[in-house]
Every structure is written in structure tokens, then in C-alpha cells.
Number of protein chains: 2
Amino acid sequence: MSDGARLIGVDWGTSNLRVMRIARGGAVMDARSDPRGAGGLAPDAFPGVLTDVAGDWLAEGLPVLACGMAGGRGKWREMPYQSTPVTLEDLAAALGSPPGAPGVSIVPGVRAMSDGRMVDVMRGEETQIMGLELDRDDDCVVAPGTHSKWISVQAGSITDFRTFMTGELFAAIRTGTVMGAGMGEPDMDAAAFEAGVTRALADPALTALLFSVRVESLADRLSVESAADYLSGLLIGAEIAARLGGRMRPVTLVGAAALNRRYATALSLAGFTEVRVADGPTATARGLWRIHEAARR
Amino acid sequence: MSDGARLIGVDWGTSNLRVMRIARGGAVMDARSDPRGAGGLAPDAFPGVLTDVAGDWLAEGLPVLACGMAGGRGKWREMPYQSTPVTLEDLAAALGSPPGAPGVSIVPGVRAMSDGRMVDVMRGEETQIMGLELDRDDDCVVAPGTHSKWISVQAGSITDFRTFMTGELFAAIRTGTVMGAGMGEPDMDAAAFEAGVTRALADPALTALLFSVRVESLADRLSVESAADYLSGLLIGAEIAARLGGRMRPVTLVGAAALNRRYATALSLAGFTEVRVADGPTATARGLWRIHEAARR
């Protein structure tokens with residue numbers, strides 16, 4: 001093919017795989033998704049899954065660059081974490097290929113260090129960061145999701161970050177508690193979401209607030225249909241409250257559209273006045289392209 | 001029989017039933033447990049289960065007094081919550097019998113009020129409180145468990161309380177998250193428990209601390225066997241950090257022996273110097289007896 005594709009980009013998350021044909025500059029020309037995330041794959045299963053999903057694209061002979069859990073322990077090839085601060089060039093210099101796949105490279109993860117100890121980890125978000133058009137000396141990027149991350153980026157270098165188990169806790173409460181049983185999907189009741197955010201911003205006792213889901217229901221102030229929104233508000237509000245001690249820096253949100261909207265609302269309620277929104281998959285593709293380019297220099 | 005039993009006490013929790021033969025004064029002469037908690041029972045199933053478990057005792061013709069979820073909505077008979085402040089006499093005056101069971105009485109639950117609104121609820125702990133030998137004008141009782149409660153008792157009257165979803169969240173994280181998979185049982189590693197408590201007392205960002213379970217494991221500082229203790233420490237520490245009222249009041253712990261031990265350790269780490277420990281089932285039996293006595297006056 002000669003349609004301008006230059007790179008096959010792979011975002012291999014724990015529970016989802018996304019493969020993209022990427023043009024010069026990082027634009028996504030075509031993309032496919034598959035539920036075979038890295039979480040359930042043994043090391044030797046990765047090549048077959050990738051061929052299943054995008055064998056025709058691989059046949060074009062383009063270089064392949066993967067980020068995310070493909071580089072996790074016990075996955076395609078464990079890529080050691082790079083220690084903060086981490087630049088685009090640091091990531092590009094540390095790419096590695098899985099055994100028997102010289103045309104494939106994997107982006108390493110990043111670990112936050114404090115007093116010489118690893119205190120937090122990311123795999124995938126470092127690539128998104130490199131795909132954002134950050135133009136300040138001191139940026140705060142929020143990547144919402146299963147494991148939400150608040151990331152400090154200084155002049156393009158990842159200097160520090162902190163992970164919140166927001167999305168995974170939301171799912172665990174819905175499936176594993178009495179009050180979660182029968183809860184609807186979120187995004188039905190904006191007022192319930194905002195009530196949850198407001199309460200969590202005002203009160204640090206999250207495990208007590210979680211019980212308020214039940215009390216509000218018993219008092220007929222919260223319907224079953226709205227309970228998931230209220231719970232989501234409590235958890236996202238608690239995440240933002242933990243950052244209120246810091247400065248009200250401008251924030252760049254990078255995630256899926258629906259989550260970006262929820263976080264933008266919650267940040268606004270918390271008094272953040274400057275919030276930019278970026279599309280997660282777009283940032284990942286551009287980051288893969290920029291790392292690929294930097295590695296060829 | 002003429003062995004001195006004066007009351008059949010029933011503690012019908014969400015997931016467990018306990019029936020006791022109780023002597024004058026509240027001592028437990030004999031007790032039986034059954035897994036048929038009120039959570040899974042329709043209203044008309046209660047008499048049959050009680051007869052299954054203790055039909056021979058019921059045949060003695062003694063009065064029966066039940067507390068806990070037997071009085072919950074959609075259970076044996078819904079007993080309206082009594083609003084704080086609530087005394088022994090208030091509970092005794094509000095007993096009610098389920099339909100067709102005149103020999104059975106059910107203790108009502110209690111609701112905490114703030115600005116005329118119901119802000120928290122209990123069913124069962126009010127009976128435990130009445131069974132404790134509280135002798136101060138201002139007591140703080142902690143009832144650890146699935147839904148841990150911190151209860152203010154002033155001159156024997158329940159004046160305020162707050163519920164923390166500690167135990168239920170612990171279970172939901174163990175069964176519903178990636179990091180929970182393969183976690184052992186708690187009570188294996190006291191140092192890991194204490195490390196969790198200490199971190200949660202120092203840092204209010206609970207959802208970030210929960211992710212530290214994963215980071216500590218990746219850094220080989222926490223074994224799979226010790227992870228449940230560390231997680232338990234985080235959740236109990238967060239509960240204590242948000243303690244009711246904020247003062248370092250003397251605390252009376254009333255729960256199962258293993259939980260009492262964990263909370264006593266955590267309270268000590270938090271600087272609570274005066275902690276008394278009471279056995280939960282003993283307090284429940286004595287509370288049932290005292291309510292029964294007060295209702296006959």
C-alpha cells in the first residue's frame with residue numbers, strides 16, 4: 001500500500017487491544033480493537049493475537065511500536081521502568097523488541113521515585129503524555145480511567161505522578177457489595193453525580209461517604225437508577241480532593257470522551273478554572289509516532 | 001425446663017443468624033448459629049428458619065426478642081428507625097411483633113439525624129450499646145465489621161454515629177480487583193498491617209493508597225501472603241483517621257475477638273491511649289435482656 005501509513009501503533013492495555021495504522025505526524029488512518037487485553041495473555045500468545053487482529057497490516061512491512069501492558073512483567077517482554085524524570089528521548093532510547101520479533105518495539109513504562117524508592121508506576125500513559133501538545137513549563141495531566149493518574153510534566157519531562165484506583169474501585173463496589181447490586185449505569189443523572197462530587201470535596205472520610213449511598217437510598221433521596229452516578233461522583237471527587245492540597249494548576253484531561261466530561265465537571269466544581277481536554281486514543285497514536293521518530297534520530 | 005433461661009434472644013444479621021437462651025441478667029446459657037441471614041429471606045420465611053434452628057427452645061414458651069435485620073425493610077416486619085438521641089427506654093417502648101407471632105418482639109433500628117434529615121442508620125448495634133457497661137458521661141463505642149460504626153453515647157443515650165464501609169470494601173476489593181486476586185487471608189503479617197495503618201493515618205488519599213498495594217508488590221516490598229494485612233491496615237487506618245468528632249476520647253471496642261485485636265492495634269498507632277475491649281455477642285445478649293426488662297416495667 002502507498003496510502004501514507006508509516007507506523008503500526010499498538011496500545012495493549014490490560015483488558016483491551018487497539019492497533020492503528022499511523023501516518024507521518026501521528027494521525028490515525030485506521031484502527032481496530034480487540035478484547036484480548038494483555039492481562040489474560042501468556043508471553044507466547046502475543047504474536048498470534050496481533051496477527052489475528054492486524055495480520056494484513058503487518059504484511060505491509062511497516063515498523064511496529066507498542067505501548068502499555070505488552071511490556072509488563074510476564075507479558076510479551078518485560079520492559080524495565082524508566083525512573084522519573086523521563087523525557088521523549090529517554091523513552092526512545094530504551095525501546096526493546098520481544099524475542100523473535102525484530103520488527104516490533106515496546107515502549108518502557110515509567111516509575112516515580114522518592115528517596116530512591118519506586119513509589120508509583122505507569123505503562124501507556126507515558127506515551128499519551130508524549131503525544132499531547134503541552135506548551136507550559138509546568139503541566140498537570142490527568143489520565144482518568146481504571147487507574148487514574150495525575151501527572152506532573154515540566155518542559156515535556158515526566159517528573160512525578162500519582163495513581164488513584166478510582167475506576168477499578170467503582171467496578172468492584174458495583175459487583176461486590178450489597179448496595180452495588182442492581183445499580184444502573186452511570187451518565188443517567190448529572191445532579192446525582194454533582195452531589196457525590198460536592199460531598200467528597202467537603203469530607204475526606206471516603207469509606208463513610210460510600211455508606212451514604214445506602215443511607216440516601218433508604219431515605220428515598222437517591223433512586224437505584226441514579227446511584228451509580230452518585231457513587232462515581234464520590235470516587236472522582238475524592239480523587240480531586242486529594243490534589244486540592246496542591247496548587248490549582250491548569251489541567252489537561254486525556255481520556256475517553258465520556259470520562260473526560262465527568263472529570264471536567266468535577267474539576268469545575270472543585271474550582272479548577274483552566275481545564276483542557278484531549279482525546280486519549282489520538283494522544284496515544286501521536287505519542288507512538290513521536291517516540292518512533294525520536295528513536296530514529 | 002427449669003435451668004434458669006428467661007428469654008430467647010435472636011441476633012438476625014444480614015448474613016448470619018444467632019439464637020441464644022438467655023438467663024436473668026443477660027448471661028448466655030446456650031447459643032446456635034445458622035448461615036440463613038436476613039439478607040436472603042422473604043418475610044414469610046423467618047418463622048420457619050427460626051423453628052429449624054431453635055424449635056426445641058421455642059417450645060419452652062419463653063418470650064423471644066430479636067434485633068438486627070429482622071426489622072429491616074422487606075424483612076420479618078419493618079420496624080421504623082428511632083431518631084437520635086435514643087435511650088434504653090425508647091427502644092423498649094418501640095418494640096413490635098411480626099404478624100402472627102405475638103410471642104416475638106423486634107427491636108427497632110436507630111437513625112442519626114442532622115438538620116431534620118436522616119444521615120445514618122443502624123440495626124443491631126443499638127442493642128449491643130445497651131448491653132455495654134458504659135460508665136462515663138461521654139462514651140465513644142466502635143463496632144467494627146462489615147459496616148463499622150463509631151457511636152457517641154452520652155449518659156447511656158445514643159446521640160450520634162457514623163458508619164464506615166470498611167469490611168464490605170475490604171471484601172469487594174479482594175474479590176473484584178486484579179490486585180485482590182490471590183491475596184491471602186489477613187492475620188498473617190502484623191508488620192504489614194501496621195504499615196498500612198500508619199500510611200492511612202498520614203495520607204487522606206485512600207484511593208491512591210489502595211493502588212500502593214500493587215506498587216509495593218511490584219517493588220517486591222510486599223508479598224502476596226501479606227497483601228491482605230496491608231490492605232486491611234489501609235482501610236482501618238482511613239476509618240480511624242476520620243474518627244467521629246476528632247477528639248482522642250476513650251474508646252470501647254465491641255466486636256468479634258480478631259477484629260477487636262486489629263482495631264486495638266490501629267487505635268494505639270493513632271495515639272488512642274484508653275481503649276477498652278468488649279465481646280460483641282456477649283454485649284448483644286445483655287442488651288436484649290436489658291431491653292426486655294425495660295419493656296416489662
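J.: Break down the sheet that holds strand β6 (residues 104-106) of chain B for me, with residues and values.
T.: All names here are of chain B. Strand order in the open sheet formed by five strands is β3-β2-β1-β4-β6, with mixed pairing between adjacent strands. Pairing within the sheet leaves two strands with one partner each, and these edge strands are β3 (28-34) and β6. Taken pair by pair, the neighbouring strands of this sheet meet at an average axis angle of 20°, ignoring direction. Against the sheet, helix α1 (residues 46-58) makes contact with β1 (5-12), β2 (17-23), β3 and β4 (64-68), and its axis sits at roughly 35° relative to β2, the strand it touches most. Strands in contact with helix α9 (residues 280-296) are β1, β2, β3 and β4; relative to β2, the strand with the most contacts, it is inclined by about 60°.

J.: Please give an account of the interface of chain A and chain B that cites residues and values.
T.: The interface of chain A with chain B comprises 40 residues on the first partner and 40 residues on the second. For the pair chain A and chain B, the two sides together bury roughly 3,400 Å², of which 65% comes from carbon and sulfur. When the buried surface of chain A facing chain B is broken down by residue, Met165(A), Thr207(A) and Phe211(A) rank first, second and third, together holding 19% of it. Asp220(A) serves as the salt-bridge partner of Arg73(B), at 4.0 Å between the closest nitrogen and oxygen. Top element by residues in the side of chain A that touches chain B is helix α6 (residues 206-218) of chain A. It accounts for 10 residues. Across the side of chain A that touches chain B, the residue classes break down as 23 nonpolar, six polar and 11 charged.

J.: Any chance you could break down the sheet that holds strand β11 (residues 157-164) of chain B for me, citing the residues and the numbers?
T.: Residues and elements named next belong to chain B. Sheet architecture is open: five strands sit in the order β11-β10-β9-β12-β13, paired in mixed fashion. Across the chains shown, the open sheet's two edge strands, defined by having one partner strand only, are β11 and β13 (275-279). On average, each strand axis in the sheet is inclined to that of its neighbour by 20°, with strand direction left out of account. Relative to strand β10 (residues 148-154), strand β9 (residues 138-143) runs antiparallel, the two sharing six bridges. Across the sheet, the residue bridging to Asp139 is Val153, located in β10. The strands touched by α9 within the sheet are β12 (251-255) and β13, with β13 carrying the most contacts at an inclination of about 70°.

J.: Quick one: what's the story with the relation of the copies chain A and chain B, residue by residue and with numbers?
T.: Once turned by 180° and shifted 0.0 Å along the axis, chain A lies on chain B with an RMSD of 0.1 Å. In symmetry terms, the pair is related by a two-fold rotation axis. Within chain A, the C-alpha atom positioned nearest to the axis of rotation is that of Ala172(A), 2.8 Å from it. A share of 100% of interface residues in chain A that are also interface residues in chain B marks the association as one of identical surfaces.

J.: Provide a residue-level description of the packing of helix α5 (residues 190-202) of chain B against helix α8 (residues 257-269) of chain B, including the pertinent values.
T.: All names here are of chain B. Across the interface, α5 lies against α8 with an axial gap of 10 Å and an inter-helix angle of 45°. Looking at the two axes, α5 sits oblique to α8. For the element pair α5 and α8, the recorded crossing hand is right-handed. Between α5, through Phe193, Glu194, Val197, Thr198 and Leu201, and α8, the contact on the second element is made entirely by Arg262, Thr265, Ala266 and Leu269.

J.: How would you sum up the packing of aromatic side chains? Please name residues and give values.
T.: Going through the model one piece at a time under the given rule, you end up with eight aromatic pairs over all chains. Each residue in the set Trp12(A), Phe46(A) and Trp76(A) is aromatic and connected to the rest through ring pairs, giving one cluster. Over the face of the ring belonging to Tyr81(A) we find Arg123(A), whose NZ or CZ atom lies 4.2 Å from the ring centre. The ring of Phe193(B) has Arg262(B) lying over it, and the distance from NZ or CZ to the ring centre is 4.5 Å.

J.: Let's hear about the environment of Ala295(A): which residues, and what values?
T.: Mapped onto the elements, Ala295(A) comes out in helix α9 (residues 280-296). When residues no more than four places from it in sequence are discounted, the contact partners of Ala295(A) are Ala92(A) and Leu95(A).

J.: So, the pairing of strand β7 (residues 110-114) of chain B: which residues are in play, and what are the values?
T.: Residue and element names in this part refer to chain B. Sheet topology places strand β5 (residues 82-83) next to β7; two bridges connect them, and they run parallel. Across the sheet, residue Gln82 finds its bridge partner in β7, namely Val110. Sheet analysis places β7 next to strand β8 (residues 117-122), joined by five bridges and oriented antiparallel. Within β8, the position partnered with Ser114 by the bridge is Arg117.

J.: Got a sec to walk through the pairing of strand β13 (residues 275-279) of chain A? Specific residues and values, please.
T.: Residues and elements named next belong to chain A. Across five bridges, strand β12 (residues 251-255) lies against β13 in parallel orientation. If you follow Val251 over to β13, its bridge partner there is Val275. Handedness of the β-α-β unit built from β12, helix α8 (residues 257-269) and β13 comes out right-handed.

J.: Could you give an account of the environment of Asp90(B), naming the residues involved and the relevant values?
T.: All names here are of chain B. Mapping Asp90 onto the fold places it in helix α2 (residues 88-93). For the pair Asp90 and Ala295, spaced 205 residues apart in the sequence, the C-alpha separation amounts to 9.5 Å. Aside from chain neighbours lying at most four places away, what touches Asp90 is Gln82 and Pro85.

Analysis parameters
- Residues numbered from 1 in each chain as written.
- Chains lettered and ligands numbered in written order.
- Predicted model: local features only at pLDDT ≥ 70, side-chain atom pairs only at ≥ 80, totals over all residues.
- Heavy atoms only, no water.
- Pairing = 2+ DSSP bridges.
- Helix = DSSP H or I, 4+ residues; strand = E, 2+ residues; numbered from the N terminus.
- Axes fitted to C-alpha atoms, helices over the stretch in contact; angles between N-to-C directions.
- Contact = heavy atoms within 4.5 Å.
- Buried area = accessible area lost by both parts, 1.4 Å probe.
- Salt bridge = Lys/Arg side-chain N within 4 Å of Asp/Glu carboxyl O.
- Nonpolar A, V, L, I, M, F, W, Y, C, P; charged D, E, K, R; others polar.
- Least-squares fit on C-alpha atoms with pLDDT ≥ 70 in both.
- Parallel < 35°, antiparallel > 145°, perpendicular 65-115°, else oblique.
- Left-handed = near helix turned anticlockwise from the far one by under 90°.
- Phe/Tyr/Trp six-rings, centres within 6.5 Å; stacked < 30°, edge-to-face > 60°.
- Lys NZ or Arg CZ within 6 Å of the ring centre and 35° of its normal.
- Right-handed = clockwise from strand over helix to strand, strands pointing away.

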